[in-house]
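The residues making up each chain are set out below.
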Amino acid sequence: MGYAKEPVQKPTEYLKAHEKEPKLPEPQKTGRVNQPAKPSVPHPVKDRPLLGVKTNKNFISQNAVDTIMAVPRKPEKNFVDTRKGDKFKLEPSGLEPVYVKKKTFGTVPTYLIERNEERAKFKAEYEAYMQEYFKKGAMRTMSDGERDAILQGLKQNWDDLHHAYQSLSVSIDTLPKKMKKEKLESEMKALEKDIDLLQRHQLIYIAD
């Protein structure tokens, strides 16, 4: 119990100046380690380049021939829009229809054609699989004519209910009027849900 006992230093082991400063390691000798030496300087006599070499090439006539045979450079298209004559390039300005004149303008990209073909192939395989599957369960897909006829009937019913809803009185102050209004609203919401279901799904299966 009590304070921890620590060994007391001797009077001769007092703290001296710069004793607690960190000591750096001894410096090491620097030099090349496994590095190849640079090539020597060329010899002033042995490695002297050849001087006085002449050629029979006629540079004037060669330059003339190259100029005649060269393809003429097309003039750069620029436009000037200030009184001082400041000119700018025409193509990046957007004033010239560059993209409309391209050969591939207006054509469907290749990746879209491939994607549509894959989508049509997958749809055909899925329809064939579903027809084979529902044949076993005595189910069939709804035809477009049946679907359109049902949609027209639902929309006609919704129009009739909407007309009846608009014919209600402005003040709903009695219980029968309130019940009639709530009934019409619930029937209209049910018809809207059925219409949305038929419009969103192209394939609808019916159990015979």
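Structure first, text after, so check above.
A brief look at the structure comes next.

To continue, consider the overall build of the protein. Secondary structure assignment for the protein yields four helices and four strands. Counting helices and strands in the order they occur from the N terminus, the protein gives α-β-β-α-β-α-α-β. For 208 residues, the compact-globule estimate of 2.2 N^0.38 gives 17 Å, and the C-alpha radius of gyration of the protein, at 47 Å, exceeds that figure by more than 25%. When the backbone C-alpha atoms are referred to their principal axes, the protein occupies close to 115 × 110 × 65 Å. For the protein, buried positions account for 8% of its 208 residues. In the protein, of all internal contacts separated by at least 6 residues, the share reaching a separation of at least 24 is 52%. When the accessible surface of the protein is totalled, it reaches about 20,700 Å², and 57% of it is carbon and sulfur.

What follows is about a nonpolar patch on the surface. Together, Phe122, Tyr126, Tyr129, Tyr133 and Leu203 make up an exposed nonpolar region whose accessible area comes to about 580 Å². Examined against the element boundaries, Leu203 turns out to sit in the loop between helix H4 (175-200) and strand E4 (205-207). Among the residues examined, Leu203 registers a relative accessible area of 35% and is labelled partly exposed.

Inspection of the entire model under this criterion finds one aromatic pair. Here the aromatic rings of Phe79 and Phe88 are separated by 5.9 Å at their centres, their planes lie at 40°, and the arrangement is tilted. Lying over the aromatic face of Tyr14, Lys16 brings its terminal NZ or CZ to 6.0 Å of the ring centre.

This part is about the nonpolar core. Ranked by size, the top nonpolar core spans eleven residues in total: Met142, Leu151, Leu154, Leu161, Leu168, Leu184, Met188, Leu191, Ile195, Leu198 and Ile204. Put simply, the parts of the chain that give this core at least two residues each are helix H3 (144-166) and H4. No other element matches H4, which puts five residues into this core. Here Leu168 is in contact with Lys180, Lys181 and Leu184, once residues within four sequence places are set aside.

Before going further, it helps to examine the packing of H3 against H4. Where H3 contacts H4, the axes come no closer than 10 Å and their chain directions differ by 155°. One finds that H3 runs roughly antiparallel with respect to H4. Crossing geometry of H3 relative to H4 is assigned as left-handed. Residue-level inspection shows Arg147, Ile150, Leu151, Leu154, Lys155, Asn157, Trp158, Leu161, His162, Ala164 and Tyr165 of H3 in contact with H4, the latter providing Lys181, Leu184, Glu185, Glu187, Met188, Leu191, Glu192, Asp194, Ile195, Leu198 and Gln199.

Within this structure, the stated rule accounts for four salt bridges. For the salt bridge of Lys89 with Glu76, the shortest nitrogen-to-oxygen distance reads 3.9 Å. Remark: Glu76 occurs in the loop between helix H1 (59-69) and strand E1 (78-80) and Lys89 occurs in strand E2 (residues 87-89); sequence separation between them is 13 residues. Pair check on accessibility: Lys89 and Glu76 agree, each one exposed. For the salt bridge of Asp196 with Arg200, the shortest nitrogen-to-oxygen distance reads 2.7 Å. Here Asp196 and its partner Arg200 are both found in helix H4, four residues apart, which amounts to about one turn of the helix. Given a relative accessible area of 35%, Asp196 falls into the partly exposed group.

Quick notes on the rules
Residues numbered from 1 in each chain as written. Predicted model: local features only at pLDDT ≥ 70, side-chain atom pairs only at ≥ 80, totals over all residues. Heavy atoms only, no water. Helix = DSSP H or I, 4+ residues; strand = E, 2+ residues; numbered from the N terminus. Rg over C-alpha atoms; globule rule 2.2 N^0.38 Å. Buried < 20%, exposed > 50% of the residue type's maximum accessible area, 1.4 Å probe, protein only. Contact = heavy atoms within 4.5 Å. Areas by Shrake-Rupley, 256 points an atom, 1.4 Å probe, with all protein chains shown as cover. Patch = residues over 30% accessible without salt bridge, like charges linked within 9 Å, V, L, I, M, F, W, Y side chains within 5 Å. Salt bridge = Lys/Arg side-chain N within 4 Å of Asp/Glu carboxyl O. Phe/Tyr/Trp six-rings, centres within 6.5 Å; stacked < 30°, edge-to-face > 60°. Lys NZ or Arg CZ within 6 Å of the ring centre and 35° of its normal. Core = buried A, V, L, I, M, F, W, Y, C linked by side-chain atoms within 4.5 Å. Axes fitted to C-alpha atoms, helices over the stretch in contact; angles between N-to-C directions. Parallel < 35°, antiparallel > 145°, perpendicular 65-115°, else oblique. Left-handed = near helix turned anticlockwise from the far one by under 90°.

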